[in-house]
Amino acid sequence: MVLKTNRKFRLLIKTGLMIMAAGFINGSALAQSTHVNPWAAKPLGTLPPPASLSNGVWLKGELHMHSRHSKESSNNSISKIIAFCKLVGIDFLAITDHDNHVEGDVAHNTWVDPEFKSDSVLLLYAAEWTTTRGHGNAFSAKPYDHQKLYDVRDQRDTVVGRIKNSLGIHLSANHPSGKDHFGYSYDMVNSIEVWNSAIWSKNANAIMIWDDMLSSGRKLTGRGGSDAHHGVPVGDEKPGPNTYQAKANYAGTPTTWVFATARTKQAVIDALTNGRVSISSNPYAPRVEFYADLNGDDKMDMMMGDNVKATGKPVKFKVQLTGNSIKDTTYTVNVVKNGNPFSTLKIDGKAAVVEFTDTPAIKGRTYYRVTVEGPATPYPQVPQSAALSGNMVGLSNPICFNFDPNF
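1. So, helix H4 (residues 157-167)
- Along H4, the residues that are buried comprise Val160, Gly161, Lys164 and Leu167. An end-on view of H4 places all buried positions within 125° of arc, on one side of the element. Set apart from the buried face of H4 by more than 90 degrees, the exposed residues are Thr158, Arg162, Asn165 and Ser166.
- In this structure, the buried side of H4 is in contact with strand E3 (122-131), helix H3 (146-151) and strand E5 (170-173).

Structure (structure tokens):
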């Protein structure tokens, strides 16, 4: 009798334990199913409408160039660079000498050089921030204290970001996938150099990084820069081992275009920050323009760099090429959506326009950008550059939907 009771007791205990275990498992599953990610994207409030598409001017420029004030440069005075830019119609120029005027080096202060002046080219105040973790360009419409940025080059990214913000500069990541690649957080920069030098083929990884940043919600402007260091010898200047580069890579290879609200330095910086920017292989190559019609009235409502809330309705996109070299030529337009190939289209040079339609997701981020390929445009002043750029004609910045401006 006692034996049977013990068996029943053990059976009851065993059954109870099994029920309790099942309860724990079910509770755990229930807890997982009700988990809310505190970092998930929140519904966006009202976004400011895109700026005017007509109240502005297209300006072309060079955003990464070195003069004699960079130690490894040769035969490249400021006056020579500015004269060249005027010759090829470049509107704005950033001479980005390596950490110029730091530690009292007045002799290599680009900005106080008597040659640093122009009556037609907008000269940005700029420098290449040169560190053991990579290089970045600082751009400003007015002089700033570059020594402060130089002093924190080995500090934590949060410290660098705080100093950058206090200086009020636009900081851009240089050649992120090549030599001296950018090794800091992309959260502290405003743009990324997606096309460095005339050699387009070496920028594939930079484009990949850009798409990664865009896909994760970081609305960074893509820009170009020749990174040219060497000029053509004139007068009593002597050729050097790198003189050959001046015929292959110089100001405008590639050319960065901005749609600025005015022909001023600050308007150039603002357009660069906002992303109303495209890049072409040289100053004579076609300019890529990218627009979107949001409500189907055949009037464009936004352009590259702009960001609006998706409505769930189809959007008509327009790619347009502008320039003198596009007649009797066919170009290939590659549309990228959220970092992935989306569509391949053809542009007839006579019409110079092609359109496509898609519906951006009403939830989550969506972006579109385009690259344009076709016959190279000759650049007589830098005759070997076209071969290095290959069939790459130009690219746009993205048109964005549901990007959080406070991300």
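2. With respect to unusual backbone geometry
- For the bond from Thr253 to Pro254, the omega torsion is 10°, close enough to zero to count as cis.
- If you trace the backbone, Pro254 turns up in the loop between strand E7 (221-225) and strand E8 (255-260).
- One non-glycine residue with positive phi stands out, namely Asp227, at about 60°.
- The residue Asp227 is located in the loop between E7 and E8 in this model.
- Since its relative accessible area comes to 16%, Asp227 is described here as buried.

3. Regarding the pattern of salt bridges
- Applying the stated criterion to the full structure yields 13 salt bridges.
- As a salt-bridge pair, Lys80 and Glu237 come within 2.8 Å of each other at their nearest N and O atoms. Residue Lys80 is located in helix H2 (residues 78-88), and its partner Glu237 is located in the loop between E7 and E8; the two are separated by 157 residues in the primary sequence.
- Among the salt bridges present, the one from Asp119 reaches Lys86, with a minimum N-O distance of 3.4 Å. Of the two residues, Asp119 is situated in the loop between strand E2 (92-95) and E3 and Lys86 in helix H2; the sequence distance between them amounts to 33 residues.

4. With respect to empty space enclosed by the protein
- For the coordinates displayed, the defined rule picks out 1 cavity of 30 Å³ or more.
- Of the pockets and cavities examined, the largest cavity occupies roughly 40 Å³.
- Around the largest cavity, the lining residues are Lys219, Leu220, Thr221, Asn274, Gly275, Gly305, Asn397, Pro398 and Cys400.
- Looking at the lining of the largest cavity, its residues break down into 3 nonpolar, 5 polar and 1 charged.

5. With respect to the layout of surface pockets
- Roughly 840 Å³ of internal volume is contained in the largest pocket.
- Going through the elements one at a time, E8 and helix H6 (265-274) are the ones with two or more residues in the lining of the largest pocket.
- Examining the composition of the lining of the largest pocket, we find that 5 residues originate from one element, H6, more than from any other.
- When its volume is computed, the second largest pocket comes out at roughly 620 Å³.
- Lining the second largest pocket are 28 residues, with Asn196, Lys202, Asp227, His229 and Gln245 sitting closest to its centre.
- Residues of the lining of the second largest pocket, tallied by class, amount to 7 nonpolar, 15 polar and 6 charged.

6. With respect to the nonpolar core
- Leu93, Leu149, Tyr186, Ile192, Tyr250 and Leu395 are the most contacted members of the largest nonpolar core, which totals 52 residues.
- The element best represented in this core is H2, accounting for 6 residues.
- If you look at the next biggest cluster of nonpolar residues, it comprises 32 residues, including Ala292, Met300, Met304 and Val319.

7. Let's talk about H6
- Of the residues making up H6, those classed as buried are Ala267, Val268, Ile269, Ala271 and Leu272.
- Positioned one or two residues after H6, Gly275 has a phi angle of 95°, which is positive.

8. Looking at the sheet that holds strand E11 (residues 302-303)
- Strands sit in the order E11-E10-E13-E16 across an open sheet of 4 strands; the sheet is antiparallel. Both outer strands of the open sheet, E11 and strand E16 (353-358), are each paired with one neighbouring strand and no more.
- Bridge analysis of strand E10 (residues 287-293) against strand E13 (residues 315-322) gives 7 bridges, and the strand direction is antiparallel. Across the sheet, the residue bridging to Arg287 is Thr322, located in E13.

9. Section: the confidence of the model for the chain
- Chain-level statistics for the chain give a pLDDT mean of 92 and a share of 92% at 70 or above.
- Across residues 16-22, where pLDDT falls below 50, the model places 0 contacts with residues more than four positions away in sequence or in other chains.

10. Observations regarding the side chain of Asn203
- Relative to the assigned elements, Asn203 resides in the loop between strand E6 (191-196) and helix H5 (204-215).
- Since its relative accessible area comes to 3%, Asn203 is described here as buried.
- From its side chain, Asn203 meets the backbone oxygen of Ile199 in a polar contact 3.1 Å long.
- Among residues more than four places away in sequence, those in contact with Asn203 are Val194, Trp195 and Asn196.

11. Observations concerning a negative patch on the surface
- On the surface, Glu103, Asp105, Asp145 and Asp151 cluster together into a patch of negative charge.
- Here Asp151 falls in the partly exposed class, since its relative accessible area comes to 46%.

12. Things to note about the packing of aromatic side chains
- Enumeration over the complete set of coordinates arrives at 21 aromatic pairs.
- Aromatic side chains Phe290 and Phe356 sit 6.3 Å apart centroid to centroid with 25° between the ring planes, which places their arrangement in the stacked category. Of this pair, Phe290 sits in strand E10 while Phe356 sits in strand E16; the two residues are 66 residues apart in sequence, bridging distant segments of the chain. We note that Phe290, like Phe356, is buried.
- Centroid distance Phe317 to Phe401: 6.2 Å. Interplanar angle 85°. Geometry classified as edge-to-face. One end of the pair, Phe317, is in strand E13; the other, Phe401, is in strand E19 (residues 399-401), with 84 residues separating them in the sequence. In this structure, Phe317 and Phe401 share a single accessibility class: buried.
- Ring pairs connect the aromatic residues Phe290, Phe317, Phe342, Phe356, Tyr368 and Phe401, which therefore count as one cluster.

Thresholds applied
- Residues numbered from 1 in each chain as written.
- Predicted model: local features only at pLDDT ≥ 70, side-chain atom pairs only at ≥ 80, totals over all residues.
- Heavy atoms only, no water.
- Buried < 20%, exposed > 50% of the residue type's maximum accessible area, 1.4 Å probe, protein only.
- Helix = DSSP H or I, 4+ residues; strand = E, 2+ residues; numbered from the N terminus.
- Arc of directions from axis to C-beta.
- Contact = heavy atoms within 4.5 Å.
- Salt bridge = Lys/Arg side-chain N within 4 Å of Asp/Glu carboxyl O.
- 1 Å grid on protein atoms, 1.4 Å probe; cavity = no way out; pocket = protein on both sides within 12 Å on 5 of 7 lines; lining within 4 Å.
- Points joined across faces, edges and corners; volume = space filled by probe spheres on them.
- Nonpolar A, V, L, I, M, F, W, Y, C, P; charged D, E, K, R; others polar.
- Core = buried A, V, L, I, M, F, W, Y, C linked by side-chain atoms within 4.5 Å.
- Pairing = 2+ DSSP bridges.
- pLDDT = per-residue confidence, 0-100.
- Polar contact = N/O pair within 3.5 Å; in protein donor to acceptor, adjacent residues only side chain to side chain.
- Patch = residues over 30% accessible without salt bridge, like charges linked within 9 Å, V, L, I, M, F, W, Y side chains within 5 Å.
- Areas by Shrake-Rupley, 256 points an atom, 1.4 Å probe, with all protein chains shown as cover.
- Lys, Arg positive; Asp, Glu negative; His and termini not counted.
- Charge placed at Lys NZ, Arg CZ, Asp CG, Glu CD.
- Phe/Tyr/Trp six-rings, centres within 6.5 Å; stacked < 30°, edge-to-face > 60°.

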